[in-house]
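# A structural walkthrough
What follows is each chain in one-letter form.
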Amino acid sequence: MENMQNKVARVPNLVDWSTGEIRLLSAKCNSCNTYFFPKEHYQHRPGCSRERVEDVLLPAKGKLASYTIQYYPCPPPFKTEKKITPYGIGLIEFEEENIQVTGIITDTDLKSLEIGMEMETTTLSMYTNEEKQDVVTWAFRAVQ
Ligand SMILES: [Zn+2]
């Protein structure tokens with residue numbers, strides 16, 4: 001795994017690398033057996049009593065369910081010092097959890113994208129903060 005020291009998440013409680021793998025922080029509702037992301041999204045299903053909701057880490061790897069390629073910069077409030085245009089936005093499916101999460105596709109040849117290919121969760125550096133930390137958001141890349 002890449003060196004995650006000196007990295008800090010742009011928004012807390014979305015991505016985790018404390019296990020040695022980069023994984024999304026999701027939640028599972030045991031009342032209706034639904035996973036949701038971000039885990040603060042308690043309104044995940046109309047009428048659900050939302051009891052026994054637990055924090056879970058999604059697997060590091062999922063499958064590319066759909067994608068698009070953007071040729072213009074990410075609109076605010078997204079902030080990055082890097083020129084990432086054009087970039088892909090992927091919809092990644094975690095089959096066992098029955099959840100799909102969108103994210104920027106990074107470190108991947110966009111011409112190589114194919115529906116169904118294996119993708120892994122990673123981080124995308126956005127900017128350096130005043131504490132000289134690398135501020136990151138979650139992203140996905142093709143499994144090498
Ligand atoms: Zn529920």
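A few points on the structure. Note that the structure is predicted; figures quoted are calculated from it, not measured.

What counts, and where the lines are drawn
- Residues numbered from 1 in each chain as written.
- Predicted model: local features only at pLDDT ≥ 70, side-chain atom pairs only at ≥ 80, totals over all residues.
- Helix = DSSP H or I, 4+ residues; strand = E, 2+ residues; numbered from the N terminus.
- Contact = placed C-beta atoms within 7 Å.
- Pairing = 2+ DSSP bridges.
- Core = buried A, V, L, I, M, F, W, Y, C linked by C-beta atoms within 7 Å.
- Buried ≥ 20, exposed ≤ 12 C-beta atoms within 10 Å, placed from the backbone.

Turning our attention to the overall build of the protein chain. Scanning the protein chain for helices and strands turns up zero helices and ten strands. Starting at the N terminus, the α and β elements of the protein chain follow one another as β-β-β-β-β-β-β-β-β-β. Across its three principal directions, the C-alpha atoms of the protein chain cover 45 × 40 × 30 Å. A separation threshold of at least 6 residues defines the contact pool for the protein chain, and within that pool the share at least 24 residues apart is 55%.

Sheet analysis places strand β6 (residues 61-70) next to strand β9 (residues 118-128), joined by three bridges and oriented antiparallel. In the sheet register, K61 faces β9, and the bridge partner there is E120. Across nine bridges, β9 lies against strand β10 (residues 134-142) in antiparallel orientation. Bridge assignment links T121 to a residue of β10, and that residue is F140.

Residue P38 is bonded to the preceding F37 through a cis peptide linkage, with omega at -5°. Looking at the element boundaries, P38 is found in the loop between β4 (34-36) and β5 (53-57). For the bond running from P76 to P77, omega is 10°, close enough to zero to count as cis. Positionally, P77 belongs in the loop between β6 and β7 (87-94). Of note in the backbone geometry, N13 takes a positive phi value of approximately 65° without being a glycine.

A word on the environment of C48. Its place among the elements puts C48 in the loop between β4 and β5. Sequence-wise, C48 and S31 are 17 residues apart; in three dimensions their C-alpha atoms are separated by 7.1 Å. Contact partners of C48, with chain neighbours within four places excluded, come to C29, S31 and C32.

Formed by 21 residues in total, the largest nonpolar core has its most connected members in L24, I92, I104, I105, M119, A139 and F140. Those elements giving two or more residues to this core turn out to be β6, β7, β8 (99-105), β9 and β10. In terms of residue count, β10 provides more of this core than any other element does, six residues in total. Non-local contacts of M119, meaning those with residues more than four positions away in its chain, are made with K61, G62, K63, L64, G90, I92, F140, R141, A142 and V143.

Okay, the environment of R52 next. With respect to the helices and strands, R52 occurs in the loop between β4 and β5. Distance from R52 to K111, taken between C-alpha atoms, is 43 Å for residues 59 residues apart in sequence. Each residue touching R52, except ones within four places of it in the same chain, is listed here: N30 and S31.

Glancing now at the environment of A60. Position of A60 relative to the elements: it lies in the loop between β5 and β6. In this structure A60 comes out as partly exposed when scored by C-beta crowding, with 19 C-beta atoms within 10 Å. Separated by 46 residues in sequence, A60 and T106 have C-alpha atoms that sit 15 Å apart. The contact partners of A60, leaving out residues within four places of it in the chain, are E21, I22, R23, E120 and T121.

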